[in-house]
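Next come the chains, spelled out residue by residue.
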Amino acid sequence: MQHQKWIQLAPTAAALVMLGIFGGCHRKPTPVATAADVAAAQQEAQHEVEQAQVEARKDVKSAVKVMGVDSKDVARARVTGAFDILMAHADGDHKVAIEKCMTLEPSAQQSCKDQADVDYQSAAAKAKASRVSQQQ
């Protein structure tokens, strides 16, 4: 009689063992950012903006050298440089915001990231609009 009970319970026990073994495989630990991670993202963002500024200056200087101060190429280089700088700011701000989101409780992270994405899209749209208005 006891043997029969074990046979009836065996599938249930096997299922519980398998659930314990494989059930946790799909859970990924939520990455946790620290203040140091946020600071590193801020530093990287600042570096990217500085690089965009350097490139913009070089492009304008090159256009002036080749085409002269009043050239349309110089004006285009200035507009493109300003756009690149604005986009570097937008990219950097987005990366920093996402890193800050990762410091929050897991339940608050997604809405924070969604807001960071909205803010990025807004900044990118403003940069594009500025470029268009300056080109005219």
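I will try to describe carefully the structure that is included in this document. Since the structure is predicted, the reported quantities are computational estimates derived from the model, not experimental observations. (Residues numbered from 1 in each chain as written. Predicted model: local features only at pLDDT ≥ 70, side-chain atom pairs only at ≥ 80, totals over all residues. Heavy atoms only, no water.)

1. Some details on the packing of helix H3 (residues 72-101) against helix H4 (residues 106-135)
One can describe the packing of H3 onto H4 by two numbers: an axis separation of 9 Å at closest approach and a directional angle of 175°. When the axis of H3 is compared with that of H4, the two are roughly antiparallel. Grouping the constituent residues of the contact of H3 with H4 by class yields 15 nonpolar, five polar and five charged. (Axes fitted to C-alpha atoms, helices over the stretch in contact; angles between N-to-C directions. Helix = DSSP H or I, 4+ residues; strand = E, 2+ residues; numbered from the N terminus. Parallel < 35°, antiparallel > 145°, perpendicular 65-115°, else oblique. Nonpolar A, V, L, I, M, F, W, Y, C, P; charged D, E, K, R; others polar.)

2. Overview of the environment of Gln109
Tracing the backbone through its elements, the reader meets Gln109 in helix H4. According to the relative accessible area criterion, Gln109 is buried, its value standing at 6%. Through-space distance from the C-alpha of Gln109 to that of Ile98 is 8.7 Å; in sequence the pair is 11 residues apart. Within the structure, the side chain of Gln109 is placed 3.4 Å from the backbone oxygen of Met102, a separation counted as a polar contact. (Buried < 20%, exposed > 50% of the residue type's maximum accessible area, 1.4 Å probe, protein only. Polar contact = N/O pair within 3.5 Å; in protein donor to acceptor, adjacent residues only side chain to side chain.)

3. Things to note about the pattern of salt bridges
Tallied over the entire structure, the rule returns two salt bridges. Between Glu55 and Lys58 there is a salt bridge whose closest N-O contact spans 3.4 Å. Remark: Lys58 and Glu55 occur in helix H2 (residues 35-67); sequence separation between them is three residues, near one turn of the helix. Assessed through its relative accessible area of 36%, Glu55 is described here as partly exposed. For the salt bridge of Arg76 with Asp73, the shortest nitrogen-to-oxygen distance reads 2.7 Å. One end of the pair, Arg76, and the other, Asp73, are both in helix H3, three residues apart, so they sit about a helical turn from each other. Residue Asp73 is classed as partly exposed on the basis of its relative accessible area of 28%. (Salt bridge = Lys/Arg side-chain N within 4 Å of Asp/Glu carboxyl O.)

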